[in-house]
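Single-letter residue listing:
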Amino acid sequence: MSRSATTFACTACGATSRKWAGRCEACGAWNTIQEEAPLSQGPGARALTQRGKTVPLTDLGTEEPPPARISSGIGEFDRVLGGGLVPASAVLVGGDPGIGKSTLLLQAAASFARTGARVAYVSGEEASAQVRLRAGRLGLAQAPVKLATETALRDILTTLDAERPDLAIVDSIQTMWLDTVEAAPGSVAQVRAAAHELVSFAKRRGVAVVIVGHVTKEGTIAGPRVVEHMVDTVLYFEGERGHQFRILRSVKNRFGPADEIGVFEMTGTGLAEVANPSALFLSARDAPAPGSVVFAGIEGTRPVLTEIQALVAPAPPGSPRRTVVGLDSGRLSTILAVLDARCGIPFTGLDVFLNVAGGLRVNEPAADLAVAAALLSAREDVAIPPDTVFFGEISLSGALRPVAQTENRLKEAQKLGFSQAVVPAGSRLGAVPGLKVREMADLTAVVGEMFGAG
Ligand SMILES: [Zn+2]
């Protein structure tokens with residue numbers, strides 16, 4: 001790559017290209033391609049002509065102790081990390097601006113510091129006074145957290161090198177800049193280079209580094225996806241601004257299970273952890289109404305019960321609407337097609353709205369049966385008994401397929417006072433006393449048993 005060559009990079013996904021385009025070929029985003037200075041000159045011609053030293057190879061059977069972890073004392077935060085922070089690791093916390101990332105991390109910083117860990121909080125977003133004000137509002141003013149407000153990464157790394165904290169939090173990666181990179185802060189090149197420096201610092205010095213990244217709406221600033229592949233753990237902080245629930249979800253974790261969630265509630269004094277999310281997500285449930293179904297899901301390692309709501313209404317002429325919140329819209333189309341083709345229940349001429357209550361996002365195929373039941377209940381205007389939970393995958397033939405962790409789902413339902421479960425035939429039920437389990441082979445059976453002849 002010659003020095004003069006101009007490259008372009010997508011601020012949404014980080015893909016680089018030789019020419020500008022209105023739409024990124026890699027991720028499909030519009031207006032996200034920005035001109036960039038070349039990221040690296042490559043290793044050069046002489047790099048690999050010298051022999052390296054040999055490294056020891058070990059057997060597969062060699063026992064390695066599990067990584068020591070620092071616990072924050074915030075149960076939901078530690079859970080998402082897989083049991084606490086691993087030293088010499090890099091964690092990315094992404095999320096929309098204003099969703100509460102700084103609040104969460106300041107609370108976590110204070111909590112880590114109170115357990116005896118040395119914590120440095122570097123803010124490039126706010127002045128010290130603002131961070132102190134927030135700490136005061138959260139009742140954390142006395143926590144022994146070291147604070148710096150700086151954006152020059154060279155100075156930050158020098159400071160961290162001298163201070164040697166156990167944990168360094170950098171808020172946010174979009175404000176950091178390196179004097180060795182000729183690009184504006186927030187550009188793909190700067191964000192990547194800054195993240196690379198922070199990750200190598202974490203590895204070199206044994207410090208756990210937490211990097212905050214804003215999910216950006218406009219294409220001029222690089223988003224957190226650009227650095228996802230560099231870090232050990234990627235967490236996203238999700239939630240609707242109007243809702244009081246916030247969900248911290250691990251989408252990648254080298255040291256623990258991915259897809260684990262931690263649930264928090266936004267309160268006047270910061271984020272409070274929610275130890276029993278099922279109770280929270282179901283607490284806002286209205287009186288039993290057609291279209292409302294409880295799904296017994298699994299999020300990471302724990303069962304979570306949520307309400308799935310469907311509304312079916314006559315559509316004006318033209319193509320009917322399919323509006324989905326919290327579920328995959330492709331999955332909805334599949335289930336509608338199966339209901340039509342296998343059960344003879346068409347949704348043509350009907351608008352369909354589908355929603356997971358409480359702002360949770362459900363990615364499991366196990367939600368299929370609950371979605372189908374909600375759609376049928378809404379279409380037939382028949383309320384499902386409120387003490388019933390549903391789960392199971394639907395195949396294209398209309399057959400119901402058993403899903404993983406059946407017993408955990410049933411136990412959670414029983415614990416929360418449900419007395420009936422509709423599950424695929426052949427599920428490994430286990431022993432859950434006090435719960436009536438109705439096994440059904442296919443969708444036609446569900447239609448026949450729960451909604452009359454259909
Ligand atoms: Zn892209």
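Residues numbered from 1 in each chain as written. Predicted model: local features only at pLDDT ≥ 70, side-chain atom pairs only at ≥ 80, totals over all residues. Heavy atoms only, no water.

### Some words on the overall build of the chain
Then, number 1: A count of helices and strands for the chain gives ten helices and 21 strands.
Then, number 2: In terms of overall dimensions, the chain has C-alpha extents of about 75 × 55 × 50 Å along its principal axes.
Then, number 3: By the burial criterion, 48% of the 454 residues in the chain qualify as buried.
Then, number 4: Put simply, of all contacts in the chain between residues at least 6 apart along the chain, 66% involve residues at least 24 apart.
Then, number 5: Accessible surface, the chain: about 21200 Å² in total, of which carbon and sulfur atoms supply 52%.
Then, number 6: Considering the chain, the positive charge centre built from 44 side chains and the negative charge centre built from 46 side chains are found 4 Å apart. (Helix = DSSP H or I, 4+ residues; strand = E, 2+ residues; numbered from the N terminus. Buried < 20%, exposed > 50% of the residue type's maximum accessible area, 1.4 Å probe, protein only. Contact = heavy atoms within 4.5 Å. Areas by Shrake-Rupley, 256 points an atom, 1.4 Å probe, with all protein chains shown as cover. Lys, Arg positive; Asp, Glu negative; His and termini not counted. Charge placed at Lys NZ, Arg CZ, Asp CG, Glu CD.)

### Quick notes on the coordination of the zinc ion
Then, number 1: The coordination sphere of the zinc ion contains the protein donors Cys10 (SG), Cys13 (SG), Cys24 (SG) and Cys27 (SG), at a distance range of 2.3 Å.
Then, number 2: Every donor counted, the four donor atoms about the zinc ion form angles of 107 to 113 degrees at the centre, which fits tetrahedral coordination.
Then, number 3: When the donors of the zinc ion are listed by position in the chain, the intervening gaps give C-x2-C-x10-C-x2-C. Remark: Cys24 occurs in the loop between strand E2 (16-17) and strand E3 (33-36) and Cys13 occurs in the loop between strand E1 (7-10) and E2; sequence separation between them is eleven residues. (Donors = N, O, S within 2.8 Å, 3.2 Å for Na, K, Ca; no water. Tetrahedral: all angles 85-135°; square planar, octahedral: opposite > 155°, others 65-115°.)

### Here we look at the sheet that holds strand E9 (residues 233-238)
Then, number 1: The strand order across the open sheet built from nine strands is E6-E5-E7-E8-E4-E9-E10-E11-E12, with neighbouring strands paired in mixed fashion. The open sheet is flanked by strand E6 (145-149) and strand E12 (270-273), the only strands paired with a single partner. Neighbouring strand axes in the sheet, compared pairwise and without regard to direction, differ in orientation by 25 degrees on average.
Then, number 2: The sheet strands contacting helix H2 (residues 101-114) are strand E4 (90-95), strand E5 (119-123), E6, strand E7 (167-171), strand E8 (208-214), E9, strand E10 (245-253), strand E11 (261-267) and E12, and the helix crosses E5 at an angle near 160 degrees. (Pairing = 2+ DSSP bridges. Axes fitted to C-alpha atoms, helices over the stretch in contact; angles between N-to-C directions.)

### Quick notes on empty space enclosed by the protein
Then, number 1: In total, this model carries one cavity of 30 Å³ or more according to the counting rule given.
Then, number 2: The calculated volume of the largest cavity comes to roughly 30 Å³.
Then, number 3: For the largest cavity, the full set of lining residues is Leu81, Gly84, Leu85, Val86, Ser89, Val91, Thr233, Asn253 and Phe255. (1 Å grid on protein atoms, 1.4 Å probe; cavity = no way out; pocket = protein on both sides within 12 Å on 5 of 7 lines; lining within 4 Å. Points joined across faces, edges and corners; volume = space filled by probe spheres on them.)

### A look at the pattern of salt bridges
Charged atoms that come close allow side chains of opposite charge to pair.
Then, number 1: One pass over the structure, following the stated rule, counts 20 salt bridges.
Then, number 2: Arg379 serves as the salt-bridge partner of Glu380, at 3.0 Å between the closest nitrogen and oxygen.
Then, number 3: Through salt bridges with shared partners, one network takes in Glu76, Arg79, Glu260 and Arg302. (Salt bridge = Lys/Arg side-chain N within 4 Å of Asp/Glu carboxyl O.)

### Observations regarding the sheet that holds strand E17 (residues 388-390)
Then, number 1: What the seven strands build is an open sheet, ordered E15-E16-E14-E13-E17-E20-E21; its pairing is mixed. The open sheet has two edge strands, strand E15 (322-325) and strand E21 (436-440), and neither has a second partner. This sheet shows a mean twist of 25 degrees between the axes of neighbouring strands, independent of strand direction.
Then, number 2: Relative to strand E20 (residues 420-424), E17 runs parallel, the two sharing three bridges. Each bridged residue has a counterpart across the sheet, and for Val389 the counterpart in E20 is Ala421.
Then, number 3: The sheet strands contacting helix H7 (residues 329-343) are E15 and strand E16 (350-356), and the helix crosses E15 at an angle near 130 degrees.

### Some words on the packing of H7 against helix H10 (residues 443-450)
Then, number 1: Contact geometry for H7 and H10: axes closest at 10 Å, N-to-C directions at 80 degrees. If you check the angle between H7 and H10, you find them roughly perpendicular. Of the residues in H10, those touching H7 at Val338, Leu339, Arg342 and Cys343 are Leu443, Thr444 and Val447.
Then, number 2: Considered class by class, the residues forming the contact of H7 with H10 number five nonpolar, one polar and one charged. (Parallel < 35°, antiparallel > 145°, perpendicular 65-115°, else oblique. Nonpolar A, V, L, I, M, F, W, Y, C, P; charged D, E, K, R; others polar.)

### Looking at the packing of H7 against helix H8 (residues 368-380)
Then, number 1: Where H7 meets H8, the closest approach of the two axes is 10 Å, and the angle between their N-to-C directions is 60 degrees. As H7 packs across H8, the resulting crossing turns out to be right-handed. Across the interface between the two elements, Arg331, Leu332, Ile335, Leu336 and Leu339 of H7 pack against Asp368, Val371, Ala372, Leu375 and Leu376 of H8.
Then, number 2: In terms of residue class, the contact of H7 with H8 is made up of eight nonpolar, no polar and two charged. (Left-handed = near helix turned anticlockwise from the far one by under 90°.)

### Structural notes on the environment of Ile221
Then, number 1: Looking at where Ile221 falls in the secondary structure, it is placed in the loop between E8 and E9.
Then, number 2: Not counting residues within four places of it along the chain, the set of residues in contact with Ile221 comprises Thr11, Gln174, Gly186 and Thr216.

### Remarks on the pairing of E7
Then, number 1: E7 sits mainly inside the fold: five of its five residues count as buried.
Then, number 2: Neither face of E7 is left uncovered, since the one carrying Leu167, Ile169 and Asp171 and the one carrying Ala168 and Val170 both have all their residues buried.
Then, number 3: As paired elements, E7 and E8 share five bridges and run parallel to each other. Each bridged residue has a counterpart across the sheet, and for Asp171 the counterpart in E8 is Val212.
Then, number 4: Taking the sense of rotation as the criterion, the β-α-β connection linking E7, helix H5 (residues 188-205) and E8 turns out right-handed. (Right-handed = clockwise from strand over helix to strand, strands pointing away.)

### Topic: the nonpolar core
Then, number 1: Counting 64 residues, the largest nonpolar core has Ile308, Phe347, Leu375, Phe390 and Leu443 as the members making the most contacts within it.
Then, number 2: Among the elements that make up this core, the one with the highest residue count is H8 (nine residues).
Then, number 3: Setting aside residues no more than four positions away along its own chain, Leu375 makes contact with Ala310, Val312, Leu332, Ile335, Leu336, Leu339, Phe347, Val352 and Leu354. (Core = buried A, V, L, I, M, F, W, Y, C linked by side-chain atoms within 4.5 Å.)

### What to know about H8
Then, number 1: The end-to-end C-alpha separation of H8 is 18 Å, in line with the 18 Å expected for 13 residues at 1.5 Å each.
Then, number 2: The element H8 is largely enclosed, with a buried count of eleven among its 13 residues.
Then, number 3: Buried within H8 we find Asp368, Leu369, Ala370, Val371, Ala372, Ala373, Ala374, Leu375, Leu376, Ser377 and Ala378. (Expected span 1.5 Å × (residues − 1).)

### A word on unusual backbone geometry
Among all residues save glycine, negative phi is the norm, and among peptide bonds the norm is trans.
Then, number 1: Note the cis peptide between Asp171 and Ser172, where omega equals 5 degrees.
Then, number 2: With respect to the helices and strands, Ser172 occurs in the loop between E7 and H5.
Then, number 3: Look at Asp259: it is not a glycine, yet its phi comes out positive at around 70 degrees.
Then, number 4: With respect to the helices and strands, Asp259 occurs in the loop between E10 and E11.
Then, number 5: You will see that Asp381, though not glycine, has its phi angle at about 60 degrees, which is positive.
Then, number 6: Position of Asp381 relative to the elements: it lies in the loop between H8 and E17.
Then, number 7: We classify Asp381 as exposed; its relative accessible area is 59%.

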